[in-house]
Amino acid sequence: MPTTTSGFFLQCASRGTLELVLPAADTPFGVEHHRREEASGPWRHVATFASGLGPVDAVSLIQSNFGDPGHLEAVARIGDRLAAFWCAPSSEPSWSEPRFFAEGAAGDPALIQGGFGGKGNFELVVPHARGGIAHYHRDNDTAELGWRGPVIFGEGLGRFEAVAMIQRVVDEPRAPHGPHAPGDLEVVARVGDRLVMFWRSPGSGAAWHGPEEVVSGVRGAPALVRSTIGGPGTLELFSPLARVGLARWCRDDGARGARFRGPTVFATDLGRCDAVSVIESWPLGRIELAVRAEGRIVHAARDGAVWSQRAIVGNASPSPADVPSPATLPPPATTTNRPPAATPSRPPAATTNRPPAATTSRPPAATTNRPPAVTPSRPPPSTSSPPPAPLPTGASPRLRAGPHRAGFRRIGALSLSADACYPDTWPFQGAIYRCPARSAALLYYPASADGEEAPLSPGGPFPVIAIAHERRLATSVATAGSPAGLAQDYRQLAGVMAHLARWGFVVVAPDLSWLTPDDAPLRRAAVLRDALTYLRAGSRGPVLADFARVGLLGHGLGAQAALALALDAACPFDVCALALLAPAGAPERALSIDALAPRPVLVVRGTADPIAAAVPAALYDRARAPKHLVTLPGANHFGYTTSLGLVEPLDGHAGLSRREQQAIAMGYLAAFFNGYLRDGRGDLDALSGKAPLEGLEAREIPVSAEVPDGATGS
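Here's a quick rundown of the structure. Small disclaimer: the values here were computed from a predicted structure and weren't measured. Residue numbers restart at each chain and count upward from 1, following the sequence in its written direction. At least 70 in pLDDT is required for a residue's local features to be given in this predicted model, at least 80 for side-chain atom pairs to be given and counted, and no such filter applies to totals for whole chains, interfaces and linings, which use all residues. Computation of side-chain values: all heavy atoms of the structure, hydrogens and water removed.

1. Comments concerning the overall build of the protein chain
For step 1, the next point in the chain: Along the backbone of the protein chain there are seven helices and 38 strands.
For step 2, the next point in the chain: The proportion of buried residues among the 714 residues of the protein chain is 57%.
For step 3, the next point in the chain: Restricting the contact set of the protein chain to residue pairs at least 6 apart, pairs at least 24 apart contribute 61%. Per the convention used, a helix needs a DSSP run of H or I reaching at least four residues, while a strand needs a run of E reaching at least two, with both numbered from the N terminus. Partly exposed describes any residue whose relative accessible area lies between the buried limit of under 20% and the exposed limit of over 50%, with all areas from a 1.4 Å probe on protein chains only and scaled to the type maximum. We call two residues contacting when some pair of their heavy atoms lies within 4.5 Å.

Structural data, given as structure tokens:
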């Protein structure tokens, strides 16, 4: 079967051998051909061709349906010229002399044999030196086998550096050209640190469509493959990341316009990668990669749940075969980490008429109907040391520190969408509100050290949480030490953000201060969505954040924004968990929180909070399982913030110190997101009143819950 996936690595259809080509690094230059005959055998160098042409910059390899068995065919770029080569896949292959057919090329080419024509044309795309992408094809039904083109497309985006191409197969009995008719040609191309997609129907004269934005934060040459592992075809995309390692994205084959899910980051131990080529091998049916990294070629494969390094090709240093990579990760799931469907027939747990119960007197409840779950970033407690002694009643919280440090970054050019902005101006209480040309945001992330622009911790990408902060009036009277400028309010949950970052979450909080307090929550929700969009599109976004695991947190009026975004059917992000911290606003104007199910919600309220008042309990009562309510005795409304406080009667007199109030809230927020974005069973037990939260054992914190299996706790 001819090769319909581009790259420099393939499995020979007739022999089962793995074949790989790469530019020779030293004189006399040319292209090195390496082969692996057996799955457990070594790679060996079998030929060098194109010697004497000078340095070869890039090469693409396929197996065609010419000859029996099919010939190996290659196109190499030497400077800005393209040359074609072929050989029979014999034990000692002899490659042809070059046949130059084009000039003006730049970057890595992508060659396939397509399905158009009786024999099947060769299709080639390559970045063009003057911008855009050049498409050539070779008509294999003619005697002269002449190359035709180029057709230039994508020139409006400037100069591309690398491309990958695939031809889809239409597996439909009623397809016009048969049940396995050739489908679209699809090209993923890198411009800067972004990957964009183009496509066209097969056949002469068909137009190219696109670009369609795919991902950002990448470098080098990407790879595409249509995988059949595990059922229906999946389009898998691999690319070197801008810093170190590789990432994988996927989407259902044929889902035009659907976003790629991911990324899954792996192979960070390989360092800075330059190119990747991918195949689905047989008979084992696994994904295998050839990765160009740090001056060598590494062969890797995915066996079930782990990526393993198979061998190093073209490197004098020996490498043990089949050693799992330190960055081993399971293949990304095709579904999100949502809990099981709610059981609405069960009545909600009582939340107001029961006295506070000490969580230390309640033994952990059995949870046999829940699947085992692991919180990857939280190490298990040591079995060799005794448990800590109980804290005295009223002792300061001793929350266990997370496994990471907290890095942060200031964002000063956050673009706003049209539905976030005012048409012109918005008058409120004698003031005129205008939307800024660019907004601001604060980003916290797991790091190897504390501080601004600190290095990212290994193990990403991490679940992402977007925060909508509370909004105070311009006439508010702040306590001593509070910032006078309203535009600084988005920074006031920095303590909560840093704590979540230390537990392995990427947390972003956009500025909402320019929105009036009486404005509908949909504008706030749009800004929250814009912050997530900005993060995903940034050069480091895919490395930092796993956008298949998104949580939202809203404080005060910001809770309305978080709820609105979670309920927005058009939201491009799959929100998996929602936390409402002292939610405020008119309960009758709140959106239908019951529609959130089966996604979980956490409501945190304080007994000394006059601003939220009865709103948290009302929202909890209307929500459906899974839901959790945590009541903080003595907590007011603004005590959760790092330094912002309002004088009485604008806020209640807190019975807790600011540090205590923040620490208790941080503990339950981290437990909630760990439980539902990482499936941490112990955290969910604490949120359901079945076990104490570590560090708060001596605290009497009333907790009510209704969980998916119908059990309640309080």
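2. Describing the packing of helix H1 (residues 494–502) against helix H6 (residues 658–677)
For step 1, the next point in the chain: Taken N-terminus to C-terminus, the directions of H1 and H6 make an angle of 45°; their axes are 10 Å apart at the nearest point. Viewed along their axes, H1 and H6 adopt a mutual orientation that is oblique. In this structure, H1 meets H6 at a crossing whose hand is right-handed. On H6, the residues that touch Gly495, Val496, His499 and Leu500 of H1 are Met666, Gly667, Leu669, Ala670 and Phe673. Throughout, an axis means a line fitted to C-alpha atoms (over the contacting stretch in the case of helices), and angles, computed between N-to-C directions, take values from 0 to 180 degrees. Throughout, the term roughly parallel applies to angles under 35 degrees, roughly antiparallel to angles over 145, roughly perpendicular to angles from 65 to 115, and oblique to all others. Take the far helix as your reference; a near helix turned counterclockwise from it by less than a right angle gives a left-handed crossing, and one turned clockwise gives a right-handed crossing.

3. A closer look at the sheet that holds strand S18 (residues 234–240)
For step 1, the next point in the chain: In spatial order, the strands read S17-S18-S19-S20; together these four strands make up an open sheet with antiparallel pairing. Whereas interior strands pair on both sides, the edge strands pair on one side only; in this sheet they are strand S17 (223–227) and strand S20 (261–266). Along the sheet, successive strands turn relative to each other by an average axial angle of 25°, direction set aside.
For step 2, the next point in the chain: Relative to S18, S17 is paired through five bridges, and the arrangement is antiparallel. The partner of alanine 223 across the bridge, within S18, is phenylalanine 238. Here, a strand pair is defined by DSSP locating no fewer than two bridges between the strands.

4. Things to note about the environment of proline 598
For step 1, the next point in the chain: Relative to the helices and strands, proline 598 resides in the loop between strand S34 (575–581) and strand S35 (601–606).
For step 2, the next point in the chain: Here proline 598 falls in the partly exposed class, since its relative accessible area comes to 28%.
For step 3, the next point in the chain: Sequence-wise, proline 598 and alanine 577 are 21 residues apart; in three dimensions their C-alpha atoms are separated by 9.7 Å.

5. Thoughts on the sheet that holds strand S10 (residues 122–127)
For step 1, the next point in the chain: Across the sheet, four strands lie side by side as S9-S10-S11-S12; this open sheet has antiparallel pairing. The open sheet has two edge strands with one neighbour each: strand S9 (110–113) and strand S12 (147–153). Each strand of the sheet is rotated relative to its neighbour by a mean of 20°, with strand direction disregarded.

6. With respect to the pairing of strand S33 (residues 545–555)
For step 1, the next point in the chain: For S33, a buried count of 10 out of 11 residues is recorded, marking the element as mostly surrounded by other parts of the structure.
For step 2, the next point in the chain: Judged from the seven bridges that link them, strand S31 (residues 462–468) and S33 form a sheet pairing that is parallel. Bridge assignment links proline 463 to a residue of S33, and that residue is aspartate 546.
For step 3, the next point in the chain: Summarising the sheet, S33 and S34 pair through six bridges and their orientation is parallel. Its bridge partner being in S34, valine 550 is matched across the sheet by valine 575.
For step 4, the next point in the chain: Handedness of the crossover is the feature at issue here: the chain leaves S33, passes through helix H4 (residues 558–567), returns alongside S34, and the resulting connection is right-handed. By definition, the crossover connecting two strands over a helix is right-handed if that path, from the first strand to the second, turns clockwise as seen with the strands pointing away from the viewer.

7. Overview of the pairing of strand S23 (residues 296–303)
For step 1, the next point in the chain: Extensive coverage of S23 is indicated by the burial of six of its eight residues.
For step 2, the next point in the chain: Here strand S22 (residues 286–293) pairs with S23 via seven bridges, running antiparallel. Across the sheet, arginine 292 pairs through a bridge with isoleucine 297, a residue of S23.
For step 3, the next point in the chain: Adjacent in sequence and paired antiparallel, S22 and S23 are bridged by two residues, among which glutamate 294 carries a positive phi angle near 50°.

8. What about unusual backbone geometry?
For step 1, the next point in the chain: At the junction of aspartate 68 and proline 69, the peptide bond is cis and its omega measures out at 5° in the coordinates.
For step 2, the next point in the chain: Examined against the element boundaries, proline 69 turns out to sit in the loop between strand S5 (58–63) and strand S6 (72–78).
For step 3, the next point in the chain: Residue proline 461 follows glycine 460 across a cis peptide bond; omega there is 5°.
For step 4, the next point in the chain: Tracing the backbone through its elements, the reader meets proline 461 in the loop between strand S30 (451–452) and S31.
For step 5, the next point in the chain: The phi angle at glutamate 453 is positive, at roughly 55°, despite the residue not being glycine.

9. Some points on the nonpolar core
For step 1, the next point in the chain: Within this scheme, the nonpolar core is defined by two criteria: the residues are buried Ala, Val, Leu, Ile, Met, Phe, Trp, Tyr or Cys, and they are joined through side-chain atoms within 4.5 Å. With 53 residues, the main nonpolar core has Val506, Leu532 and Leu552 as its most contacted residues.
For step 2, the next point in the chain: Counting residues in hydrophobic clusters, the runner-up holds 51 residues, among them Ala582, Tyr640, Phe672 and Ile701.

10. Concerning the packing of aromatic side chains
For step 1, the next point in the chain: Working definition: rings of Phe, Tyr and Trp (its six-membered ring) pair if their centres are within 6.5 Å, and the pair is stacked with planes under 30 degrees apart, edge-to-face with planes over 60 apart, and tilted otherwise. Summed over all chains, the structure comprises 16 aromatic pairs.
For step 2, the next point in the chain: Consider the rings of phenylalanine 101 and tryptophan 147, whose centres lie 4.3 Å apart with planes at 10°: the pair is stacked. On the criterion of sequence distance, the pair formed by phenylalanine 101 in strand S8 (residues 99–102) and tryptophan 147 in strand S12 is long-range, its members being 46 residues apart.
For step 3, the next point in the chain: Between phenylalanine 153 and phenylalanine 198, the ring centres sit 5.2 Å apart and the planes meet at 70°, which makes this aromatic pair edge-to-face. Taken as a pair, phenylalanine 153 in strand S12 and phenylalanine 198 in strand S15 (residues 194–200) lie far apart in primary sequence, 45 residues in all.

Keep in mind these numbers describe shape, not what the thing actually does.
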